[in-house]
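The lines below spell out each chain.
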Amino acid sequence: MEELTSPEEMVAWASDHRQQGHRIGFVPTMGFLHRGHVSLMELLRPQCDVLVVSIYVNPLQFGPGEDLERYPRDEGGDLAKCAAAGVDAVFLPSELYPAGFGTRVEVSGLTQGLCGGSRPGHFSGVTTVVARLFGLTRCDLAAFGEKDFQQLAVIRRMTEDLALAVQIVPGPIVRDHDGLALSSRNVNLSDEQRARALSLHQSLFTLAETARRGDSVAELLGRARMSIRADRVDYLELVDASSLQPLAELDRPARALVAASYGGTRLIDNVDVGTQWT
Ligand code: AMP
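This structure is a prediction, so every number in the text was calculated from the model and none was measured.

Visitor: I'd like a description of the site of the ligand, backed by residues and values.
Guide: Taken together, the neighbourhood of the ligand is formed by 17 residues, with His37, Gly145, Asp148, Val174 and Leu182 sitting nearest. Within the backbone of glycine 145, an N or O atom sits 2.9 Å from an oxygen atom of the ligand. Valine 174 has a polar backbone atom sitting 2.8 Å from a nitrogen atom of the ligand. When the ligand sits alone it has 490 Å² of accessible area, and the protein chains cover 92% of it. Residue assignment for the shell around the ligand shows that the elements contributing at least two residues are strand E2 (24-29), helix H2 (35-44) and strand E5 (141-145). When residues of the shell around the ligand are assigned to their parent elements, the largest contribution, three residues, is made by H2. Each residue belonging to the shell around the ligand can be placed in one class, and the counts come to nine nonpolar, six polar and two charged.

As structure tokens, then:
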């Protein structure tokens, strides 16, 4: 497995493989890898000739007062997991943006609500880094987790709008043994916070299950909100699964999404509503 530490090395590796006619698969991450990240590598592995994973904690997508400084890191463990998953190259740049970098990629509409509402500027940081990473890796396909459901929709929009020749491959949410959605940030939870954080997926699952009974959106959301045990709930919404617009009625494919904080740790989760339970 090759370790590429500069944008120049990344481009050289990618150009070499493209010249050989190889199909390049790409999984962008911020490191501190877990089974959720590995599932995306396993998803792409059979669909590509060479697989590259990036590990970069992107400052552009963190707002002031967010957890950029305490974002967990474990380079040794990450490299071992990538090697075990059959990754061909890991891109871990110390600096990703060259001097004079002056471009922002911004998707409108889809980025307005949900995490876009509680984290202003977050998604333009994400689309900017992903667009640059698509350029550097020259990838043919890239995997993104449904764990970050809004991010996946925003990346799809950007890829389509800019006619980028990258196929976006979605991966299902991978959960811990007790149902908590795996996240690099889970390591920052105390035992007590982690116990309360289980209420996130539990309320979403109950919401999805009770949606079959024909309860109104207001009833579903009201009950779910009551059962969430968090220090702060940023949002709990039931939205159209494509447009991410809030739904007044459950008359189409829907997604319930939540974001909540436990001390300084912000967690997100979501569930398909209306199809997986019928
Ligand atoms: P991150 O390192 O948090 O930026 O995540 C990198 C990629 O892994 C993103 O596409 C995430 O959606 C995905 N991911 C993170 N956690 C999970 C999970 N529990 N299940 C599936 N994919 C995940």
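Visitor: Would you mind going over the pairing of strand E3 (residues 50-55) in detail, with residue names and values included?
Guide: Where burial is concerned, most of E3 is hidden: six out of the six residues are buried. Residues Val50, Val52 and Ser54 line one face of E3 and the alternating positions Leu51, Val53 and Ile55 line the opposite face, and both faces are buried. Taken together, the six bridges between E2 and E3 define a ladder with parallel strand orientation. Bridge pairing in E3 places isoleucine 24 opposite valine 50. A crossover links E2 with its parallel partner E3, the connecting element being H2, and its sense is right-handed. Inspection of the sheet shows E3 paired to strand E4 (residues 89-91) by three bridges, in the parallel sense. Pairing of valine 53 across the sheet is with valine 90, part of E4. Taking the sense of rotation as the criterion, the β-α-β connection linking E3, helix H3 (residues 75-84) and E4 turns out right-handed.

Visitor: Lay out empty space enclosed by the protein in plain terms, naming residues and giving numbers.
Guide: Empty space among the atoms can be located by rolling a probe the size of a water molecule over them. Under the counting rule described, the total for this entry stands at one cavity of 30 Å³ or more. In terms of lining, the largest cavity is formed by Lys147, Leu180, Ala181, Ser183, Asn186, Leu200, Leu267, Ile268 and Asp269. A per-element tally of the lining of the largest cavity places strand E9 (residues 265-273) first, with three residues. Split by residue class, the lining of the largest cavity holds five nonpolar, two polar and two charged.

Visitor: Kindly report on the packing of aromatic side chains, identifying the contributing residues and their values.
Guide: Under the definition given, this model contains five aromatic pairs. For the pair phenylalanine 62 and tyrosine 71, a centre-to-centre distance of 6.0 Å together with 80 degrees between the ring planes defines the contact as edge-to-face. For the pair phenylalanine 62 and tyrosine 71, one class covers both residues: buried. Every member of this aromatic cluster is reached through a ring pair, and the members are Phe26, Phe134 and Phe144.

Visitor: For the pairing of strand E6 (residues 167-171), give the residues involved together with the corresponding values.
Guide: Regular strands place side chains that alternate from one sheet face to the opposite one. With five bridges connecting them, E5 and E6 associate as parallel partners. In the strand pairing of E6, phenylalanine 144 is matched with proline 170. Read as a crossover between parallel neighbours, the route from E5 over helix H6 (residues 149-161) to E6 is right-handed.

Visitor: An account of helix H7 (residues 191-210) is requested, with residue identities and associated values reported.
Guide: In this model H7 runs 29 Å from its N-terminal to its C-terminal C-alpha over 20 residues, within 8% of the 28 Å that 1.5 Å per residue would give. By the burial criterion, the buried members of H7 are Gln193, Arg196, Ala197, Leu198, Ser199, Leu200, His201, Ser203, Leu204, Leu207, Ala208 and Thr210. For H7, the elements touching its buried residues are helix H8 (217-227), strand E7 (232-240), strand E8 (254-262) and E9.

Conventions we followed
- Residues numbered from 1 in each chain as written.
- Predicted model: local features only at pLDDT ≥ 70, side-chain atom pairs only at ≥ 80, totals over all residues.
- Heavy atoms only, no water.
- Near = heavy atom within 4 Å.
- Polar contact = N/O pair within 3.5 Å; in protein donor to acceptor, adjacent residues only side chain to side chain.
- Areas by Shrake-Rupley, 256 points an atom, 1.4 Å probe, with all protein chains shown as cover.
- Helix = DSSP H or I, 4+ residues; strand = E, 2+ residues; numbered from the N terminus.
- Nonpolar A, V, L, I, M, F, W, Y, C, P; charged D, E, K, R; others polar.
- Buried < 20%, exposed > 50% of the residue type's maximum accessible area, 1.4 Å probe, protein only.
- Pairing = 2+ DSSP bridges.
- Right-handed = clockwise from strand over helix to strand, strands pointing away.
- 1 Å grid on protein atoms, 1.4 Å probe; cavity = no way out; pocket = protein on both sides within 12 Å on 5 of 7 lines; lining within 4 Å.
- Points joined across faces, edges and corners; volume = space filled by probe spheres on them.
- Phe/Tyr/Trp six-rings, centres within 6.5 Å; stacked < 30°, edge-to-face > 60°.
- Expected span 1.5 Å × (residues − 1).
- Contact = heavy atoms within 4.5 Å.

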